[in-house]
Structure formats: C-alpha cells, structure tokens
Amino acid sequence: MNIIEVENVSFKYGNSKAYSLRDVNLNVKKGEFLGIIGPSGSGKSTFCLTLNGLIPHSINGEFEGNVFVDGLNTREHSVAELSTRVGLVFQNPDSQLFNMTVLEEVAFALENLGVEREEMWRRIRWALKLVKLWDKREEFPPNLSGGEKQRLAIASVLVMKPKVLVLDEPTSQLDPLGREEVLSLVRLLNKEEKITIILVEHNTDFLLEHADRIVVFDGGRVVMEGKPEEVFENVEFLERIGIRIPTRVKIGYELKKRGITRRAVLSYEEIIAEIAKQLR
Ligand SMILES: Nc1ncnc2c1ncn2[C@@H]1O[C@H](COP(=O)(O)OP(=O)(O)OP(=O)(O)O)[C@@H](O)[C@H]1O
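A quick note: this is a predicted structure, and the numbers were derived from the prediction, not measured. (Residues numbered from 1 in each chain as written. Predicted model: local features only at pLDDT ≥ 70, side-chain atom pairs only at ≥ 80, totals over all residues. Heavy atoms only, no water.)

### Brief notes about the nonpolar core
Right, on to step 1. Counting 55 residues, the largest nonpolar core has Leu 128 and Ile 154 as its most contacted members.
Right, on to step 2. If you look at the next biggest cluster of nonpolar residues, it comprises 31 residues, including Leu 21, Val 28, Leu 49 and Phe 217. (Core = buried A, V, L, I, M, F, W, Y, C linked by side-chain atoms within 4.5 Å. Buried < 20%, exposed > 50% of the residue type's maximum accessible area, 1.4 Å probe, protein only.)

This is the structure:
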C-alpha cells in the first residue's frame, strides 16, 4: 500500500523564473525507508515541503500536479491536518525549537491538537524515551548538544504520531557523534516503530546499508530510482552529478575498472576475497 503518491508535481517559487521541481512522480510504500540524494539545488528540500502541504499552502509559487498522503490530497487539507500524518524535520534543529524545557517543547506540539491529558502524557513519555531524552526533560533546549537538539526536534514531531517522517539533511550540522545518534534513531523508528522514513542525506554509506530504495534528484527531476545496490552501480553518472560514492562502492569500482569484478557494488567480504585472490 502506498502511503505517499506524488503525481506529475512541478513547482516554481513565486520569486523565481525556473522550476525547482519538474514533473516528479513517486510512490512511497507504507513502512518503506526511502533515501533521497542529489546535488545542491536539485530540489530535494522543495520536494520535502510538498509532502506535508507547506507547498502549496504556506509557500508562494506555482504548484502543479497532486500529492496524496495516506489518501488525502494535500491541496484539500491543511498543514495542521497533514502534520498528524507526515512529520517534517529540518537541517537546523534551532529553527524548530523554542526556549522552554525539553518537556514543554514536546508538549507544545500537542497543545493545539486537542489530545486528552492522559494520552498527551503517554505520547510525551513514549517520544522522549525513544529519543533518549526522558532523563533530560527538565533541561533547556539551548543547553543540549547538537545531536540532542535534533533528537528533540524529532520527538516533538513524533508526539503527533505521524505515519511518515520526512527528514531533510538532519545530520548536516552535527558532529560525528551527533550524526551517529540521529541516524541510528532514524533506523530504530523505521525498524521498531514501523514509521515510513524519507531521508535526505549526504551520507551515502549509511543509505547503501540501510535504505530500502534510493531516489536521485537532479535539476528538479527524479533522474534515477531503485534499490541502493542498483543505484550505486552507476558510479560514473553519480560522480558526474556530484554525489559522494559510498566507500565500499569506490573500492569495488576500482576492481571493476581493472576487469577483476563485473560489479562495483560488492560486500566487504567479496572485496576481501577478490583482493586476496589477486595477491595469491
Ligand atoms: N525560497 C526560495 N525561493 C526561490 N527559489 C528557491 C527557494 N528555495 C529554493 N529555491 C531554488 O529551488 C531550487 C531547488 O532548491 P532546493 O533547496 O529544493 O534544493 P536542494 O536539493 O535541497 O539543495 P541543498 O542540498 O543545497 O539543500 C534551487 O535552484 C534553489 O535556488
């Protein structure tokens, strides 16, 4: 079952002459972990904004096509309504946090939702425990580390109980430890909580290991789509458009160029076996 259906979507910002999205068609299955990659300016963030209705409701521009979220056409439903289905997490956690305690931050997201008190507490406890911030619930968000702030931003979206979580480069402003914390949380939310994940991420090593499917954007279009091992086989194309090649694919590609293997995407075990054969 498709939880998201994107049909012939094009979008041009009000102050821009060029289209930022061009005729995008994409379905996402319930429970899927979709990775999105593409060079800077290829439309990844703009695409994310179409998934919870910020485009067309809050951002001025020309929007064509339709996006369906859990069967709802985003044109016909408000961002508030859609945000209980699709949670959006941005690059910079500071842009999503206000100066209250960790607990109040998460409760704030629920206040306008009309959730009864007991259920509210249940959700707050669940979300803060999941992101491992329950013990820090009385802290002030500005005092948290980058990784903790991003986990808090995720918790304040999770309390809405969305079926889909869209994360737009959530690790790009974090240190290596913070990145690791956020990416393992994303994996847990997908595997254990069965939340559908759409993750824009430059860490292609992570996507190769964990995404079910990869979509490549370039120039506002979807230019490639498939299983990670299929997509990353196209090393020359991806390099040409400026995408970082995962480490094990880089090594595999060198073996392939020398005629040692037929594929660039190999497991580390296969790489070691091939190199050992050559050294014999
Ligand atoms: N608010 C805006 N107004 C006008 N043009 C915009 C706006 N935001 C983005 N654009 C343009 O839309 C195109 C797609 O940008 P977008 O931010 O969606 O790309 P991206 O792939 O997310 O890039 P990055 O990886 O750098 O975040 C770019 O040409 C960009 O300049």
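### What about the site of the ligand?
Right, on to step 1. Every residue near the ligand is listed here: Tyr 13, Asn 15, Ser 20, Pro 39, Ser 40, Gly 41, Ser 42, Gly 43, Lys 44, Ser 45, Thr 46 and Glu 169.
Right, on to step 2. One of the backbone N or O atoms of Gly 41 is found 2.8 Å from an oxygen atom in the ligand.
Right, on to step 3. Taking Ser 42, its main chain carries an N or O atom lying 3.0 Å from an oxygen atom of the ligand.
Right, on to step 4. The protein chains hide 62% of the 630 Å² of surface that the ligand would expose on its own.
Right, on to step 5. Across the shell around the ligand, the residue classes break down as 2 nonpolar, 8 polar and 2 charged. (Near = heavy atom within 4 Å. Polar contact = N/O pair within 3.5 Å; in protein donor to acceptor, adjacent residues only side chain to side chain. Areas by Shrake-Rupley, 256 points an atom, 1.4 Å probe, with all protein chains shown as cover. Nonpolar A, V, L, I, M, F, W, Y, C, P; charged D, E, K, R; others polar.)

### Points about the UniProt feature "binding site: ATP" in the chain
Right, on to step 1. UniProt tags Gly 38, Pro 39, Ser 40, Gly 41, Ser 42, Gly 43, Lys 44 and Ser 45 as "binding site: ATP".
Right, on to step 2. Locating Gly 38 in the fold gives a position in the loop between β3 (33–37) and α1 (44–51).
Right, on to step 3. Excluding anything up to four places from it in sequence, Gly 38 contacts Lys 44, His 202, Phe 217 and Ile 243.
Right, on to step 4. Along the chain, Pro 39 falls in the loop between β3 and α1.
Right, on to step 5. Judged by relative accessible area, Pro 39 falls into the buried class, the value being 15%.
Right, on to step 6. The residues contacting Pro 39, other than those within four sequence positions of it, are Lys 44, Phe 217, Asp 218 and Ile 241. (UniProt positions renumbered as here; feature names shortened; annotations may be inferred. Helix = DSSP H or I, 4+ residues; strand = E, 2+ residues; numbered from the N terminus. Contact = heavy atoms within 4.5 Å.)

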